[in-house]
Amino acid sequence: MSLLEKATLITTPTAHSNGTLHSIKGGAVADFDVVRDSLASRVNSNGLIEAVGRNIPRIDYTTGEGVVLLEPQSTNLITYSEDFSNSSWVKNQANITSGLSSPSGNLNATRFVATGTDMFVRSSLNVVIGDNTESVYVKGVGSTIGKSVRFRAQLIGSATGTSSDTIAILTSQWQRIENTFNITGAGTMFFRLDMPDVSIAGEEVHLWGAQLEALSYATSYIPTSGAIATRLADSV
């Protein structure tokens, strides 16, 4: 028996408004109250990441099909998620330029142009005990398409745990790369993206939307601009 055949109640979402997900149950109204007392992001039907107001249901099109997005509370521990020119980000053998088109459709992504053979960007943070997931959006340009980047949590000082790496292949499209690791002892870490294959001066990589969460998976993007930011949980 299918899940549809087992269901005792079937509703069809048809629209949404502030605080309400409008649905029908057969011919009857079966609306749901929606509570989330914070802004949150979603991927809209045009494939762009956009902010959604408080208590507005998020219809997310990450997979290409609209679904109601429900997530737990989460905090982005990166204080400058888009401004890689800030001193909290260390840039090695790279020149950077701001003002490029990002996955949000705004001109807030950053171009990293190699000046040597060891280009990387990193930021130092205090670790949170337990599962953590870091994520960032990357894009290759020209000769860097098809080259690899290494995304990692580099534990430093007294921090202990499972340090991990994720290898991603650059494409001409924005992609979100993620890396999950576990921390067992307090200390600090580097949120670090190495670009060892980008080894010719003038080659470039575009970056946007850095995020670190104390969760075992990445949730929707939480922008920051000088302080950590929290998205509250969705309740329907």
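This one's a predicted model, so the numbers in the text were calculated from it and none came from an experiment.

Visitor: So, the overall build of the protein: which residues are in play, and what are the values?
Guide: Each helix and strand counted, the protein has one helix and 21 strands in total. For the protein, the spread of C-alpha atoms along the three principal axes comes to 65 × 40 × 40 Å. Within the protein, the proportion of its 236 residues that are buried is 43%. For the protein, contacts bridging at least 24 residues in sequence account for 65% of all contacts bridging at least 6.

Visitor: Lay out the pattern of salt bridges with the relevant residues and their values.
Guide: Scanning the entire structure with this criterion turns up 12 salt bridges. Between Glu71 and Arg58 there is a salt bridge, and its shortest N-O distance comes to 3.0 Å. Note that Glu71 is positioned in the loop between β8 (67-68) and β9 (74-76) and Arg58 in the loop between β6 (49-52) and β7 (59-60), a separation of 13 residues in sequence. This pair shows no difference in class: Glu71 is buried, exactly as Arg58 is.

Visitor: Explain the sheet that holds strand β18 (residues 175-185) residue by residue, including any values.
Guide: In space, the six strands of this open sheet follow the order β11-β12-β20-β14-β18-β16, with antiparallel pairing throughout. Every interior strand has two partners, whereas the edge strands, β11 (94-101) and β16 (160-162), have only one. Between one strand and the next, the sheet's axes are offset by a mean angle of 35°, whatever the strand orientation.

Visitor: Describe the side chain of Asn86, and please don't skip the residues or the numbers.
Guide: Structurally, Asn86 can be placed in the loop between β9 and β10 (89-92). Owing to a relative accessible area of 17%, Asn86 belongs among the buried residues under this scheme. Apart from the residues lying within four places of it in its own chain, the contact partners of Asn86 are Tyr80 and Lys91.

Visitor: If you had to explain the nonpolar core to someone new, which residues and values would you point to?
Guide: Where a protein is soluble and globular, its nonpolar side chains tend to be buried together. Counting 31 residues, the largest nonpolar core has Phe191 and Leu193 as the members making the most contacts within it. Mapped by element, the contributors of at least two residues to this core are β12 (107-114), β13 (119-126), β14 (130-140), β15 (148-156), β18, β19 (188-195) and β20 (204-213). Membership of the second largest hydrophobic core comes to seven residues, among which are Val43, Leu100, Ala109 and Tyr137.

Visitor: Residue-level account of the environment of Ser123, with values.
Guide: With respect to the helices and strands, the residue Ser123 is situated in strand β13. Assessed through its relative accessible area of 6%, Ser123 is described here as buried. At 3.1 Å, the side chain of Ser123 and the backbone oxygen of Ser88 are in polar contact.

Visitor: I'd love a proper account of the sheet that holds β10, names of residues and values included.
Guide: Read from one edge of the open sheet, five strands run β10-β13-β19-β15-β17, paired in antiparallel fashion. Looking at which strands have only one partner, the edges of the open sheet turn out to be β10 and β17 (165-169). Ignoring which end each strand starts from, the neighbouring axes of this sheet average 15° apart. When β10 meets β13, the two strands line up antiparallel, connected through four bridges. When the sheet's bridge partners are listed, Trp89 is paired in β13 with Ser123.

Visitor: So what about the side chain of Arg192? Which residues, and what values?
Guide: Take Arg192: it is sitting in strand β19. Beyond its immediate chain neighbours, meaning those up to four positions away, Arg192 contacts Phe120, Val121, Arg122, Glu134, Arg150, Phe151, Arg152 and Gln154.

Visitor: Give a detailed account of the pairing of β18, specifying residues and quantitative values.
Guide: Side-chain direction in a regular strand flips from residue to residue, so the side chains alternate between the two faces of the sheet. Pairing between β14 and β18: nine bridges, direction antiparallel. Each bridged residue has a counterpart across the sheet, and for Val138 the counterpart in β18 is Gln175. Taken together, the three bridges between β16 and β18 define a ladder with antiparallel strand orientation. When the bridges of β18 are listed, Thr160 appears paired with Gly185.

Definitions and cut-offs
- As a convention, each chain's residues are numbered from 1 in the sequence order in which they are written.
- With pLDDT at 70 or above as the cut-off, local features in this predicted model cover only qualifying residues; side-chain atom pairs require 80 or more to be listed or tallied, and sums for whole chains, interfaces and linings still use all residues.
- Only hydrogens and water are set aside; all other atoms, that is, all heavy atoms of the structure, feed into the side-chain values.
- Runs of E in the DSSP output that reach at least two residues are strands. Runs of H or I that reach at least four are helices, and both are numbered from the N terminus.
- Only protein chains enter the accessibility calculation, which uses a 1.4 Å probe. A residue is then buried if its area is under 20% of the maximum for its type, exposed if over 50%, and partly exposed in between.
- The contact criterion used is simple: two residues touch if any of their non-hydrogen atoms lie within 4.5 Å.
- In the sections that follow, a salt bridge refers to a side-chain nitrogen of Lys or Arg positioned within 4 Å of a carboxyl oxygen of Asp or Glu.
- Pairing between strands is defined by DSSP: at least two bridges between the two strands are required.
- Helix axes are fitted only over the stretch in contact, all axes being lines through C-alpha atoms; the angle between N-to-C directions runs from 0 to 180 degrees.
- Among buried residues, those of type Ala, Val, Leu, Ile, Met, Phe, Trp, Tyr and Cys that are joined through side-chain atoms within 4.5 Å constitute a nonpolar core.
- Polar contact is defined as a pair of N or O atoms within 3.5 Å, subject to the rule that within protein one atom must be able to donate a hydrogen and the other to accept it, and that residues adjacent in sequence are counted only when both atoms are side-chain atoms.

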